[in-house]
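Fold and geometry: a report
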Amino acid sequence: MATTSTTRRKPAPVPHPKAGELLPEYGAGSTSHSYRQRLYARDLAIVEKALSILRRWMTEPGSVFDNPDAVKSYLRLHLGAEPVEHFAVLFLDSQNRAIAFERMFTGTLTQTSVYPREVAQAALRHNASAVILAHNHPSGIVKPSRADEALTNTLKQTLALVDVRVLDHVIVGSLRSLSMAEQGLI
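Below, the structure is looked at part by part. (Residues numbered from 1 in each chain as written. Predicted model: local features only at pLDDT ≥ 70, side-chain atom pairs only at ≥ 80, totals over all residues. Heavy atoms only, no water.)

**Let's talk about the overall build of the protein**
Operational definition: Secondary structure is summarised from DSSP: a helix means a run of H or I of at least four residues, a strand means a run of E of at least two, and numbering begins at the N terminus for each. To sort residues, take the accessible area from a 1.4 Å probe on protein chains only and compare it with the maximum for the residue type: under 20% means buried, over 50% means exposed, and anything in between is partly exposed. By definition in these notes, contact holds between two residues if any of their heavy atoms fall within 4.5 Å.
Across its full length, the protein carries 4 helices and 6 strands. Reading the protein from its N end, one meets helices and strands in the order β-α-α-β-β-α-β-α-β-β. By residue count, 42% of the 186 residues in the protein fall in the buried class. Here the analysis covers contacts within the protein between residues at least 6 apart in sequence; of these, 67% occur between residues at least 24 apart.

What follows is the structure, encoded as structure tokens:
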């Protein structure tokens, strides 16, 4: 069907990365709670393109994830606008280059259950040397709770048993992010 200058087509949504592609994100936008479900196709395409550029940049040789601001920006793009809590992990190789980003658990407005065993299994599956933990606070307040600190310590101890380092735990809000490592909490 030919289009005329008066008709306007809605662009098709950009598909999520397939298995084996650089820095896959598992489960993004797959729930009805995801902010991506409410984006217009054009806006979704822009967000997906920006994330695609970041994926390429972060996995290029020499692109090391040792800049907390870059990490926080990347995580804010993925989690900042979500209306419920998500817990995610950024898996890194021995040179701190990104291997994969995985949303592991989805919760409610104020909490999510995290299972250290599953985080350890995912780290081994990705052959990760280190991880950066992340979760969002839909309220926008990025101050870590005592539960956040306790979870971080539990995951740090659990992952140490399989020689995986926890480099940071980033709490993401819609406008700001907080690095627990920068705050001296890791």
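Moving on from the model shown.
**Digging into the layout of surface pockets**
Rules: Points on a 1 Å grid over protein atoms alone make up a cavity when a 1.4 Å probe fits among them but cannot get out, and a pocket when they form an open set with protein on both sides within 12 Å along at least five of seven lines; lining residues each have an atom within 4 Å of a point. Grid points are joined across faces, edges and corners, and a volume is the space filled by probe spheres set on the points. Basically, the charged four are Asp, Glu, Lys and Arg, the nonpolar ten are Ala, Val, Leu, Ile, Met, Phe, Trp, Tyr, Cys and Pro, and anything else, Gly included, counts as polar.
Taken as a whole, the largest pocket encloses approximately 280 Å³ of empty space. Along the walls of the largest pocket sit 16 residues, with Glu-85, Thr-110, Gln-111, His-137 and Asp-148 positioned nearest its centre. Considering every element that reaches the lining of the largest pocket, the biggest residue donor is helix 4 (residues 146-160), with 3 residues. A class-by-class count of the residues in the lining of the largest pocket yields 6 nonpolar, 7 polar and 3 charged.

**A few points about the environment of Phe-105**
Take Phe-105: it is sitting in strand 3 (residues 98-106). In this structure, the C-alpha to C-alpha distance between Phe-105 and His-135, residues 30 residues apart in sequence, is 9.3 Å. Residue contacts for Phe-105: discarding those within four places in its chain leaves Glu-85, His-86, Phe-87, Thr-112, Ser-113, Val-114, Tyr-115, Glu-118 and Val-119.

**A word on the nonpolar core**
For clarity, the threshold we go by: To qualify as a nonpolar core, a set must consist of buried Ala, Val, Leu, Ile, Met, Phe, Trp, Tyr and Cys residues joined through side-chain atoms within 4.5 Å.
With 19 residues, the main nonpolar core has Phe-87, Val-89, Phe-91, Val-119, Val-131 and Leu-159 as its most contacted residues. Where this core is concerned, the elements lending two or more residues are strand 2 (86-92), strand 3, helix 3 (116-125), strand 4 (130-136) and helix 4. Among the elements that line this core, the one with the most residues is helix 3, at 4 residues. The residues contacting Val-89, other than those within four sequence positions of it, are Ala-100, Phe-101, Glu-102, Met-104, Val-119, Val-131, Ile-132 and Leu-133. Counting 14 residues, the second largest nonpolar core, distinct from the first, contains Ala-88, Ala-98, Ile-132 and Ala-134.

**What to know about the side chain of Glu-85**
Tracing the backbone shows Glu-85 in the loop between helix 2 (68-79) and strand 2. In contact with Glu-85, other than residues within four places in its own chain, are Phe-105, Thr-106, Gly-107, Thr-108, Leu-109, Thr-110, Gln-111, Thr-112, His-135, Asn-136, His-137 and Pro-138.

**Quick word on the environment of Val-170**
Along the chain, Val-170 turns up in strand 5 (residues 165-172). Taking the relative accessible area as the measure of exposure, Val-170 reaches 0% and is therefore buried. C-alpha separation for the pair Val-170 and Pro-144, spaced 26 residues apart in sequence, amounts to 9.2 Å. Apart from the residues lying within four places of it in its own chain, the contact partners of Val-170 are Val-71, Lys-72, Leu-75, Ile-132, Leu-133, Ala-134, His-135, Ser-177 and Leu-178.

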